[in-house]
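Below, each chain spelled out in residue letters.
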Amino acid sequence: MHSVRARCAANALRRLVPQLGRTLGSSRPLVLVESRRLCRHSSTGTNGTHSTRVAGVNGESFADLQAELLDGVTFGDYPSRTHKCGDLSKANVGEQVVLTGWAQNIRKFSDELMFLPLRDHSGTIQLVLKGSDKNKENARQSLQELTAESVICVEGRVVAREEGTTNPKMATGDVEVDLISVRLLNKTHKNLPFSPSSKSLVNEEVRLKYRCLDLRGSVLQKNLRARSLAAWVIRDYLVQNDFIEVETPLLFKSTPEGAREFVVPTRNGGSFYALPQSPQQYKQLLMASGIDRYFQIAKCFRDEDLRADRQPEFTQIDLEVSFGSAKDIQTLVEGLVRSVWEKIKGVELFEGKPFPRMNYQLAMSQYGSDKPDTRFGLEIQKVTDMAEDHIMEAIVLKSSMKLPGSDLKKLAQQDDRVLPVVKISDKNVDSWVNRLPFTDQTKRAVDVAAVNKTLRLQVGDIVILNTRPAFLSGGQTLLGKVRLELGNILQSKGLLHIPASQYNFLWVEGFPLFSPAETTSTANVDSRQLAATHHPFTAPVAEDLHLLANSPEKVRGQHYDLVLNGVEIGGGSIRIHSPKLQTFVFEQILQMSPLESGRFSHLVDALSFGCPPHGGLALGFDRLMAILCETSSIRDVIAFPKSASGRDLVVGSPSELTEQQLREYKIRVTE
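Overview of the structure. Just so it is clear, the structure is predicted and the values come from calculations on it, not from any experiment. (Residues numbered from 1 in each chain as written. Predicted model: local features only at pLDDT ≥ 70, side-chain atom pairs only at ≥ 80, totals over all residues. Heavy atoms only, no water.)

## Some remarks on empty space enclosed by the protein
Any empty space left between the atoms is revealed when a probe the size of a water molecule rolls over them. Note the threshold: Any residue with an atom within 4 Å of a point lines the site, the site being either a cavity, points on a 1 Å grid over the protein atoms alone where a 1.4 Å probe fits but cannot get out, or a pocket, an open set with protein on both sides within 12 Å along at least 5 of 7 lines. Grid points are joined across faces, edges and corners, and a volume is the space filled by probe spheres set on the points. Put simply, Ala, Val, Leu, Ile, Met, Phe, Trp, Tyr, Cys and Pro go in the nonpolar bin, Asp, Glu, Lys and Arg in the charged bin, and everything else, Gly too, in the polar bin.
Per the stated rule, a full pass over the model turns up one cavity of 30 Å³ or more. Considering only enclosed or pocket space, the largest cavity measures out at about 30 Å³ in volume. As for the largest cavity, its lining consists of Phe-511, Pro-512, Leu-513, His-534, His-535, Thr-538, Gly-557 and His-559. Looking at side-chain class alone, the lining of the largest cavity contains three nonpolar, five polar and no charged residues.

## Concerning the sheet that holds strand E16 (residues 390-397)
Stated formally: At least two DSSP bridges between two strands are required for those strands to pair. Secondary structure elements are taken from DSSP: a helix is a run of H or I of four residues or more, a strand is a run of E of two residues or more, and numbering for both begins at the N terminus. The angle between two axes is taken between their N-to-C directions and runs from 0 to 180 degrees, where each axis is a line fitted to C-alpha atoms and a helix contributes only its stretch in contact.
Strand order in the open sheet made by the four strands is E15-E16-E20-E19, with antiparallel pairing throughout. At either margin of the open sheet sits one strand with a lone partner, and together these are strand E15 (381-386) and strand E19 (421-423). Strand-to-strand twist of the sheet, defined as the mean angle between neighbouring strand axes without regard to direction, takes the value 25°. Both E19 and strand E20 (residues 462-469) contribute to a ladder of three bridges, which runs antiparallel. The residue bridging Val-422 from the neighbouring strand is Val-463, located in E20.

## What to know about the packing of aromatic side chains
We apply this condition: Paired rings are identified among Phe, Tyr and Trp, the last through its six-membered ring, by centres lying within 6.5 Å, and are further divided according to the angle between planes into stacked (under 30 degrees), edge-to-face (over 60) and tilted (the rest). For every residue, the accessible area obtained with a 1.4 Å probe (protein chains only) is divided by the maximum for its type, and the residue is called buried under 20%, exposed over 50%, and partly exposed between those limits. To sit over a ring, a charge needs its Lys NZ or Arg CZ within 6 Å of the ring centre and within 35 degrees of the ring normal.
By the definition in use, this model includes eleven aromatic pairs. Relative to Phe-355, the ring of Phe-350 lies with its centre 5.2 Å away and its plane at 50°, an arrangement referred to as tilted. Of the residues examined, Phe-350 reaches a relative accessible area of 29% and is grouped as partly exposed. On the accessibility criterion, Phe-355 (2% relative accessible area) is buried. In this structure an aromatic cluster arises from ring pairing among Trp-341, Phe-350, Phe-355, Tyr-503 and Phe-505. Here Arg-483 stacks its cationic end above the ring of Phe-376, 4.0 Å away from the centre of that ring.

## Some points on the environment of Ala-160
Rule in force here: For this analysis, residues touch if any pair of their heavy atoms sits within 4.5 Å.
Within the secondary structure, Ala-160 is located in strand E7 (residues 151-160). Relative accessible area serves as the criterion here: at 42%, Ala-160 is assigned to the partly exposed category. With 71 residues separating them along the chain, Ala-160 and Ser-89 place their C-alpha atoms 8.7 Å apart. Sequence-distant contacts of Ala-160, that is, excluding residues within four places in its chain, are made with Val-93, Asp-174 and Val-175.

## Re the nonpolar core
Let me state the cut-off plainly: Within this scheme, the nonpolar core is defined by two criteria: the residues are buried Ala, Val, Leu, Ile, Met, Phe, Trp, Tyr or Cys, and they are joined through side-chain atoms within 4.5 Å.
Among the nonpolar cores identified, the biggest contains 58 residues, and Val-333, Val-337, Trp-341, Phe-505, Leu-562, Leu-619 and Phe-621 are the most heavily contacted of them. Val-333 has contacts with Leu-319, Trp-507, Leu-562, Leu-617 and Leu-619, leaving out every residue within four places of it along the chain. Counting 21 residues, the second-largest nonpolar core is a separate cluster that includes Leu-88, Leu-118, Ile-125 and Val-175.

## A short note on unusual backbone geometry
Cis geometry marks the peptide bond from Ser-653 to Pro-654, where omega comes out at 0°. Its place among the elements puts Pro-654 in the loop between helix H17 (621-628) and helix H18 (659-664). A positive phi angle is found at Phe-323, which is not glycine, with a value near 60°. Following the sequence through the fold, Phe-323 ends up in the loop between strand E13 (313-322) and helix H9 (326-344).

## Let's talk about the pattern of salt bridges
Worth spelling out the cut-off: We count a salt bridge whenever a side-chain nitrogen from Lys or Arg sits within 4 Å of a carboxyl oxygen from Asp or Glu.
One pass over the full model with this rule turns up 29 salt bridges. Of the charged contacts in the structure, one is a salt bridge between Glu-334 and Arg-357, with a shortest N-O distance of 3.9 Å. Here Arg-357 lies in strand E14 (residues 357-359) and Glu-334 lies in helix H9, a separation of 23 residues in the sequence. The salt bridge partner of Arg-357 is Glu-509, with a shortest N-O separation of 3.5 Å. Here Arg-357, found in strand E14, pairs with Glu-509, found in strand E21 (residues 505-509); they are 152 residues apart in sequence, far enough to count as distant.

## Let's talk about the environment of Asn-550
Here Asn-550 is to be found in the loop between strand E23 (530-532) and strand E24 (559-564). Judged by its relative accessible area of 70%, Asn-550 is exposed. Along the backbone, Asn-550 and Ile-589 are 39 residues apart, and their C-alpha atoms lie at a distance of 9.9 Å.

## A word on a nonpolar patch on the surface
Condition: Two joining distances apply to patches: 9 Å for like charges and 5 Å for nonpolar side chains (Val, Leu, Ile, Met, Phe, Trp, Tyr), and every residue must have over 30% relative accessible area and no salt bridge. Per-residue accessibility takes into account occlusion by the displayed protein chains alone, with areas from the Shrake-Rupley method and a 1.4 Å probe.
A surface patch of nonpolar side chains, about 190 Å² in accessible area, is lined by Val-202, Val-206 and Tyr-210. Inspection of the secondary structure assignment puts Val-206 in helix H5 (residues 204-209).

## Notes on the sheet that holds strand E12 (residues 293-301)
Taken in spatial order, the eight strands of this open sheet run E9-E12-E13-E26-E25-E24-E21-E14, and their pairing is mixed. Edge positions in the sheet fall to strand E9 (244-245) and E14, since each of these pairs with one other strand and no more. Relative to strand E26 (residues 614-620), E13 runs antiparallel, the two being bridged by seven bridges. When the sheet's bridge partners are listed, Leu-319 is paired in E26 with Leu-617. Packed onto the sheet, helix H10 (residues 360-367) meets E14 and E21 and runs at close to 80° relative to E14. Sitting on the sheet, H17 is in contact with E12, E13, E24, strand E25 (567-574) and E26, with an inclination near 110° to E13.

What follows is the structure, encoded as structure tokens:
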């Protein structure tokens, strides 16, 4: 119906063409508008043709209304663009060009000398209007009425800038365009909440609400184009390595995989879809289907607390391989990452050599993190063994890295605890360990001289200490947190330099297959002692299978994380392909109820039908691009990200449903 009305309006407007052309003048192109608002009544004549009557508007007033609707807007023909603004150089001098883009603030020295920067996605070029040539009178008038960020189409000739007027800060600073004509395609009809070209950043929520303005800026334009190029490189690399791209459903089912899910109601009361946290189960089903090598640039959803590097919907590069070992998959992923870095950054990673590898236990004990940043030292070192399976450990800050007492005091206050901080002096160098508050808990007398030698202590050094359980679990220790904070403080004071172009990729392996469960009620303490460290489909290391029944907490998983500069950008594993072993993990180790384990029946069935050994990995595309684009927030590499509160400020979602919609989906909203 709307399309019929639009056609009727268009036909009516065409009959007004001569009158409008005379009214607006030859310098303003004729515009045809198709508008639902103008079409109120439509009827079919006896000959089958449609006639349209716009309520309350006769022919003359309709023409006036049309002129008002066209104010500052050009529909219809205008010259096709011949060049992009940022592509012009001395090689184009003498050429007549047609450019389109957004007008910036005009600089008017007189009626005979005006300068106007014009910006499009490729860059900015300076337009100039010189002289009193009457042929340029229309262009001169258009420039004087122009507002910033109006969309224009211009014709002109590329000329070299006069000596002394070049701008080395602009890629096009050697040339400018001598204007011949200017066409206004769409003026700015409202005051802008901020200028896209302004270097002063406004409140992020304002930027997110008016994202179309924010995206006009050169930084976000560059980021999105780098993301597009990276996606192309990834697809090309994987297809060349015999992968096929398969799209998996977004309307999934709720399964107990760990993170909270987003649920989607249906009109069948009590039945809900869940948006996938990842395509994990579908890609394993594809391996059982004989796909052999699968990939997908997939949208994933998790209802988690947000931060700068986390979004409720995110993108991952998802892949799965049949008949492949962990090393095979890692080699493939290294090749993929190398291809992206070479194309986007022009950097060859590790000169073609394999990425370094580190055991989980070493990463946690030496760096205090399962995703260690190896670009700087300050490694954590063991001091001595303590009672009750604890150890004492320390970070040494050398005397050359002098920090004020206020910074050290802040570092010492961690998680409602105050860590001992000792400055080594001539007076305490031989006794400082014995003066610590927890020295009486050591298993044996501490040889201070041996400790000083191990820690390579010198007078003037500062030691930050902590005690922790000898058994490592989780993703970070207390001194691991201190190490990162200390590194940031030293960088801010110029005492530690980390080049922006330093890319320390690292595989972390040998994770525990299970970790202590986080209990939310006393009812779960006895029945749910363990949880899957990553997900319940990871295969155990073959040498540890004998520990599954009696010491599952000691079993290592065939899991591998890819870490870059202290950020986990990907994780994967070899999967369980035995239906009996998978069922044992669900029911005996993770203590799932029959209802919970039953939600995975489709996967167990697929494993039972002759599923090959398989494994895979998922790379966080958003985090990967944030590192490539050298930004601290993944929101800067996503076109329309959610805010810190999880809202899409552009469209105003999430939003309320009407009472009719709630009834249709059989939903009742409670306080």
